[in-house]
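# An overview of the molecular structure
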Amino acid sequence: MELAASGVLVQIYSIPSALPDGSARVSFMIGIVNATGQVQRVLIGRTTLSTNPLTQPLITSLKSIGDLNGTGLLLDENGQIIYAFSQTGNAPSSFDKPVDLTKPFYTSTASDGTRQLVYYWPVVARPWAIVLTVPARQTQQLALDIAMPLFMMILILAVVALISLRVGLRVITGSLKNLAVEANRIADGKLDHPLQVTGVDEVGQLRRAFEQMRVSLAARLDELNRLLVVSQGVASSLEMQDTVKPVLEAVLSIGANAVRVVLLPSILPETPIELPSRFAVGSAKDAYAYLDDQILTMAQKQERIVFSNLSRTREMTLDPKRAQPAALLAVALRHENRYYGVVWAAFEQAHNFSEADVRFVTTLAGQAALAVANARLFLNVEVARRQLEAIINSTPDPVLVTDQQNHLLLANRAAGQSLEINIQKVHGQTVEKVIQQKPLLDLLLASGEKQSVEVILPDNRTYLATASSVVADGRSVGRVCILRDVTKFKELDTMKSEFVATVSHDLRSPLTLMRGYATMLEMVGDLNDQQQNYVKKIVTGVENMSRLVNTLLDLGRIEIGVGLQLESVSVLDILERVTSALQMQATQKEIGFNVEIPKDMPQTVEADQALLHQAVYNLVENALKYTPEKGSVTVRVKAKDNAMIFEVEDTGIGIEPDDLPRLFEKFYRGKQREARAQHGSGLGLAIVHSIAESHGGKVWVESKLGKGSIFFLQIPLTQPTESKVG
Ligand code: ADP
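Described in the following lines is the structure provided in the data block.

Our focus in this paragraph is the sheet that holds strand β2 (residues 25-33). The sheet built from three strands is open, its strands ordered β1-β2-β3 with antiparallel pairing. Only two strands of the sheet have a single partner each, and these edge strands are β1 (10-15) and β3 (39-48). Between one strand and the next, the sheet's axes are offset by a mean angle of 20°, whatever the strand orientation. Relative to β2, β1 runs antiparallel, the two being bridged by six bridges. In the sheet register, V10 faces β2, and the bridge partner there is I30.

Dropping the structure here:
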């Protein structure tokens, strides 16, 4: 009451029960205030929890714990039990507050020592608390009761889910398996089988993606195939017509009704027959031909010309009276920066060119340009070859060309006639099979420098065959042989020889007569000094003439080859005789005169002693004659390849290159003034030449004008048996 008087308006007190039902008594004290706010009266109400209708729901709730053999307690603010319910009847008389109020659930030990589950929950707005305890055994049973159906339900659900998953998966795996088969088919390159595209799910999307992949793969493969055909076509031939055709057909396949290739006329070589420069395929190939020149000019400035709708463009002037394409695609033919022409496709309908179309035609244009460039190169080479062939065939002199393996590469018409061979048939055969003339065959089979040989061919004419190596990139790739008809010269030469022989023969008797009478003049009467002098001059002149005539007769004899007296001639002997005979001449001109003979060399050579002496003598005499005073002349002997070589070197006037080829001809004298200043007949070297040839040897010269010359005379060490007879 005092508390109420001091302002505590609501007070509730509970007193633990003394009754067996355990319900406590609760006293409510409400202060009633007057107008001034003073508590003047106090309303006291008293009730027991079990009887109070307001607490009935609470009690009923607490009692419901009885189903679980548990205990329900209501605690007041002091922790005293103000209501207790127990199914078993042994409700606890006191309850210890839990230590941790944040954990409403915890386990503890009951008064009978069993484990129990405690639920402690403070009441909202009152300092009371509700405590529910259930034996642990009971809660486990309860948990089991709750869990069992739950578990069963989960099990059933799981089984259902498993079954439906299997069914669902079977549909998906079936689809995927199907797709795998299709993918394998694509992988095997069978791209003509379309995939079924149904459903909007992921598998359906996958199928759609696969189908798209198949279609574009098939298109690319088709494009590649066409390019391959084109490449094969380009590579398989060098004829423009054949190489351009596959390109035209490939371009036609993109839906054009005419495809044309137009070449710049200037890229084609000039030939007597005009070469085709326009190629076309397609139904309208001729109808659109009038556009060629216009497009050819445009493509020169512009790599690609694409008109999807020609009626909307003003860049091209179309002839309204003629057929007009609706769309046009043209690509320039370029190779290594050179413009060769254009490939263009015309379409009947307006055509939206895809990037792939343009790329395809551009690739084909590249192939076409390559084909045209190759064909052009080939044409140029072919034209040049034909020209060369025509020139060689028109050459009146026979020409033969062989390769490294001695196959006949070329024989011109003149060669065919002279050698009496079919030049078409013998092409590529070995020269041994074709050429019957031994000297000519040897010449063709020989190697090295320019060589010449005289040969009589089946047409009974004499030819001078000259062969030399064909050198390309520094190495020999065969031989070329030109035969010059020298029959006329041979006849002239024979006539000259015969004339000289006859004249010299006929001159001999009158000369002997003249000499005889001139010497006899003294015997028939006295001659004064002047007359004697004249007679001496006449005799000297006649002697000179006789010597000349004799020389000529000797020469004639040597040339026909009669009277070759072969014996073993001592080289040393020859040299000694020559040098001693000419020593005087050398001393007079103060010329250093040397002879060099290596030690280990053959001592003798099989030859006509007189003739060999004559030949060496002539060479040494010339050396002394054409060497100014205080020069030097050296004579050497060498043995090489079963032959003796006499070398006569001087430091004289040398020989003009122009004179060299004719030096060994009869009566030929050098054109130099210094040479002309010397007396001579031009027969000395002709005799050396004849002597060399009659011995199966040769004579040649190396000379530098103003520096000196070296004459070489080569005589075989032994002579063939048949020539020894004479
Ligand atoms: P010849 O000496 O009687 O004129 P050859 O037949 O002996 O006739 O010589 C022909 C020509 O060769 C000579 O006229 C001369 O021009 C030239 N000749 C020969 N030998 C030599 C030499 N050793 N040096 C320079 N020229 C020479």
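That shown, we press on.
Below, the discussion takes up the nonpolar core. Among the nonpolar cores identified, the biggest contains 60 residues, and I295, L328, L333, V342 and W344 are the most heavily contacted of them. In terms of residues, this core owes the most to one element, helix α7 (residues 355-394), which gives 12 residues. Leaving out residues up to four positions away in the same chain, V342 has contacts with R260, V261, V262, I295, L296, A299, A330, V331, A332 and L333. Counting 47 residues, the second largest nonpolar core, distinct from the first, contains A615, V635, L663 and F664.

Let's shift gears to helix α3 (residues 136-187). The largest bend in α3 comes to about 25°, at A147, with the proline P149 one to four residues further on. What α3 keeps buried is the set A136, Q138, L179, E182 and I186. Residues of α3 that are buried make contact with β7 (115-122), β8 (129-135) and α4 (202-236). Note on α3: the residue one or two positions beyond its end, G189, has a positive phi of about 90°.

Once that is clear, we can look at the sheet that holds strand β18 (residues 475-485). Strand order in the open sheet formed by five strands is β15-β14-β18-β17-β16, and the pairing between neighbours is antiparallel. Looking at strand neighbours, the two that pair on one side only are β15 (408-411) and β16 (451-456), the edges of this open sheet. The average undirected angle you get between the axes of adjacent strands in this sheet is 20°.

This part is about the pairing of β16. Here β16 runs beside strand β17 (residues 462-472); their pairing, made up of six bridges, is antiparallel. Bridge pairing in β17 links I456 to T462.

Surrounding the ligand, one finds 21 residues, the nearest of these being N622, Y626, D650, R669 and L685. Side-chain polar atom of N622 to an oxygen atom of the ligand: 2.8 Å apart, as the coordinates give it. One of the side-chain N or O atoms of Y626 is found 2.7 Å from an oxygen atom in the ligand. Bound to the protein, the ligand loses 98% of the 530 Å² it would expose on its own. Put simply, the parts of the chain that give the shell around the ligand at least two residues each are α15 (609-625), α17 (684-694) and β25 (708-716). Considering every element that reaches the shell around the ligand, the biggest residue donor is α15, with three residues. Taken together, the residues that form the shell around the ligand break down as 10 nonpolar, eight polar and three charged.

With that settled, consider the packing of aromatic side chains. Two measures describe an aromatic ring pair: the distance that separates the ring centres and the angle between the ring planes. If you walk through the whole model with that rule in mind, you get six aromatic pairs. An angle of 10° between the planes, with centres 6.4 Å apart, marks the rings of F95 and Y120 as stacked. Of the two residues, F95 sits in the loop between β5 (81-86) and β6 (105-109) while Y120 sits in strand β7, which places them 25 residues apart along the sequence. Y120 shares its class with F95; the two are buried. Each ring, one from F347 and one from F353, has its centre 5.1 Å from the other, and the planes form 70°; the classification is edge-to-face. Judged on exposure class, the residue F347 and its partner F353 are both buried. Among the aromatic residues, those joined into a ring-pair cluster are F105, Y119 and W121. Note that K698 overlies the ring of W700, its terminal NZ or CZ placed 5.3 Å from the centroid.

Attention now goes to the packing of α15 against α17. Axis separation between α15 and α17 bottoms out at 9 Å; the angle between their running directions is 145°. By crossing handedness, the relation of α15 to α17 is classed as left-handed. For the pair α15 and α17, the contacting residues are L611, L612, Q614, A615, N618, L619 and N622 in the first and G684, L685, I687, V688 and I691 in the second. By residue class, the composition of the contact of α15 with α17 is eight nonpolar, four polar and no charged.

Rules behind the numbers
Residues numbered from 1 in each chain as written. Predicted model: local features only at pLDDT ≥ 70, side-chain atom pairs only at ≥ 80, totals over all residues. Heavy atoms only, no water. Pairing = 2+ DSSP bridges. Helix = DSSP H or I, 4+ residues; strand = E, 2+ residues; numbered from the N terminus. Axes fitted to C-alpha atoms, helices over the stretch in contact; angles between N-to-C directions. Core = buried A, V, L, I, M, F, W, Y, C linked by side-chain atoms within 4.5 Å. Buried < 20%, exposed > 50% of the residue type's maximum accessible area, 1.4 Å probe, protein only. Contact = heavy atoms within 4.5 Å. Bend = angle between axes of the 7 residues up to and from the residue. Near = heavy atom within 4 Å. Polar contact = N/O pair within 3.5 Å; in protein donor to acceptor, adjacent residues only side chain to side chain. Areas by Shrake-Rupley, 256 points an atom, 1.4 Å probe, with all protein chains shown as cover. Nonpolar A, V, L, I, M, F, W, Y, C, P; charged D, E, K, R; others polar. Phe/Tyr/Trp six-rings, centres within 6.5 Å; stacked < 30°, edge-to-face > 60°. Lys NZ or Arg CZ within 6 Å of the ring centre and 35° of its normal. Left-handed = near helix turned anticlockwise from the far one by under 90°.

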